[in-house]
Amino acid sequence: MTMNNPMVSLLTDNKLFGANFVKWRENINIAIICENSLFVSTKEALEQPGENATKAIKEKFERWQNANNKARYFMLSSKVDTLKIRFPNTLTTVDIMKQLTELFGMASIQARFEVTKNFINARMKPHQNVRDHLLQMTSYFQEAENHGAIIDQTTQVSLILNSLTPTFLPFTLNYVMNKLDFDFYELINNLQRFENLIREP
C-alpha cells in the first residue's frame, strides 16, 4: 500500500508516543478522510456475511474490510515501535481508537493543560528583544496546538500584548483603543518599529 508524499510526512513525522494523542488522532482522521474511509473509525465492524448472503451485502462488507485495513495501516505505521506491538491484528479501527483513548486521552488533556500554562504565564524579560520574545510565544502556541489546543489569532495577539514589558504599554493602549487587527507578521513588524523608537537615544 502506498501513500502520497504529503500524507507520508504527515503521519511519519508525527508518530504517536502518548502525550500527543489528540494531534495524532487529528492527523489519522485526515488520512482516513483522504481515503473516504472515516466511517471505519466511528462505526462498529460489520458482521462477515454468510455464504448465502446477497452480492450487495458481500460487496458492502468487502468495502468496509478494505477501508478498515487502510485505516489500521495508517494507525500502525504512525506509532512508535513500543506501541505497535500492543495491538493484535484482529482489532478493528474502532477498537484500536477506543483503547488508545483509554490509554492516552486523560494524559493528553493533562499535557495540554501543562503547555498552555507556558504562554499564559509568559512574560517578556527586561531588555529582551521583542522579536525573540514573540518567537518564544509562538513556540508555546505551537506546542499547545500539537496537544490539541485551539488558539485563534485574536487570542494569540491578546496573550502576546499582555506578556510585554510596561515599556510597551503605549503600543498596547493604542492597539486596543483604535481597534487594530494585526496578524502575527504585522504585529511583530509594528512591535519592532515601536521598540526601535523607544530605544533611540
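Before going into details, it helps to say that this report is about the structure given with it. (Residues numbered from 1 in each chain as written. Predicted model: local features only at pLDDT ≥ 70, side-chain atom pairs only at ≥ 80, totals over all residues. Heavy atoms only, no water.)

**Things to note about the overall build of the protein chain**
Stage number 1. A tally of regular secondary structure across the protein chain gives nine helices and zero strands.
Stage number 2. Of the regular secondary structure in the protein chain, the N- to C-terminal order runs α-α-α-α-α-α-α-α-α.
Stage number 3. On C-alpha atoms alone, the protein chain measures out to a radius of gyration of 24 Å, which is more than a quarter above the 17 Å that the 2.2 N^0.38 rule sets for 201 residues.
Stage number 4. The dimensions of the protein chain, computed from C-alpha atoms along their principal axes, are 90 × 30 × 30 Å.
Stage number 5. Evaluated residue by residue, the protein chain yields a buried proportion of 37% over its 201 residues.
Stage number 6. Across the protein chain, the fraction of contacts at a sequence separation of at least 24, relative to all contacts at a separation of at least 6, is 63%.
Stage number 7. Across the protein chain, 22 positive and 21 negative side-chain charges occur, with their mean positions spaced 3 Å apart. (Helix = DSSP H or I, 4+ residues; strand = E, 2+ residues; numbered from the N terminus. Rg over C-alpha atoms; globule rule 2.2 N^0.38 Å. Buried < 20%, exposed > 50% of the residue type's maximum accessible area, 1.4 Å probe, protein only. Contact = heavy atoms within 4.5 Å. Lys, Arg positive; Asp, Glu negative; His and termini not counted. Charge placed at Lys NZ, Arg CZ, Asp CG, Glu CD.)

**Notes on the environment of Lys179**
Stage number 1. Structurally, the position occupied by Lys179 is in the loop between α8 (169–177) and α9 (184–199).
Stage number 2. Note on Lys179: relative accessible area 75%, which makes it exposed.
Stage number 3. Spatially, the C-alpha atoms of Lys179 and Ile57 are 60 Å apart, while their sequence positions differ by 122 residues.

**Quick notes on the packing of aromatic side chains**
Stage number 1. Within this structure, the stated rule accounts for eight aromatic pairs.
Stage number 2. Ring plane angle 50 degrees and centroid distance 6.0 Å describe the contact between Tyr73 and Phe74, whose orientation is recorded as tilted.
Stage number 3. What makes Tyr73 partly exposed here is its relative accessible area of 31%.
Stage number 4. For Phe74, a relative accessible area of 1% puts it in the buried group.
Stage number 5. Feature note: the residues Phe168, Phe171 and Phe194 constitute an aromatic cluster, connected by ring pairs. (Phe/Tyr/Trp six-rings, centres within 6.5 Å; stacked < 30°, edge-to-face > 60°.)

**A closer look at the side chain of Ser163**
Stage number 1. For Ser163, the location among the structural elements is in helix α7 (residues 153–163).
Stage number 2. Classification of Ser163 as buried rests on a relative accessible area of 0%.
Stage number 3. At a separation of 2.7 Å, a polar atom in the side chain of Ser163 contacts the side chain of His133.
Stage number 4. In this structure Ser163 touches Ala122, Arg123, Met124, His133 and Met137, once residues within four positions along its chain are discounted. (Polar contact = N/O pair within 3.5 Å; in protein donor to acceptor, adjacent residues only side chain to side chain.)

**Details of the nonpolar core**
Within soluble globular proteins, side chains that are nonpolar tend to cluster in buried spots.
Stage number 1. Ranked by internal contacts, the top residues of the largest apolar core, which has 24 residues, are Leu134, Leu164, Leu187 and Leu191.
Stage number 2. Of all elements in the fold, only α5 (93–121), α6 (130–146), α7, α8 and α9 reach the threshold of two or more residues within this core.
Stage number 3. Here the element with the most residues in this core is α6; it accounts for five residues.
Stage number 4. In this view, Leu187 contacts Leu134, Val157, Ile160, Leu161, Phe171 and Phe182; residues no more than four positions away in its chain are not counted.
Stage number 5. Listed in part, the 21 residues of the second largest apolar core include Trp24, Ile28, Leu100 and Phe104. (Core = buried A, V, L, I, M, F, W, Y, C linked by side-chain atoms within 4.5 Å.)

**Here's the deal with the environment of Tyr73**
Stage number 1. Secondary-structure assignment places Tyr73 in helix α3 (residues 55–77).
Stage number 2. Taking C-alpha positions, Tyr73 is 10 Å from Asn89, a pair spaced 16 residues apart along the chain.

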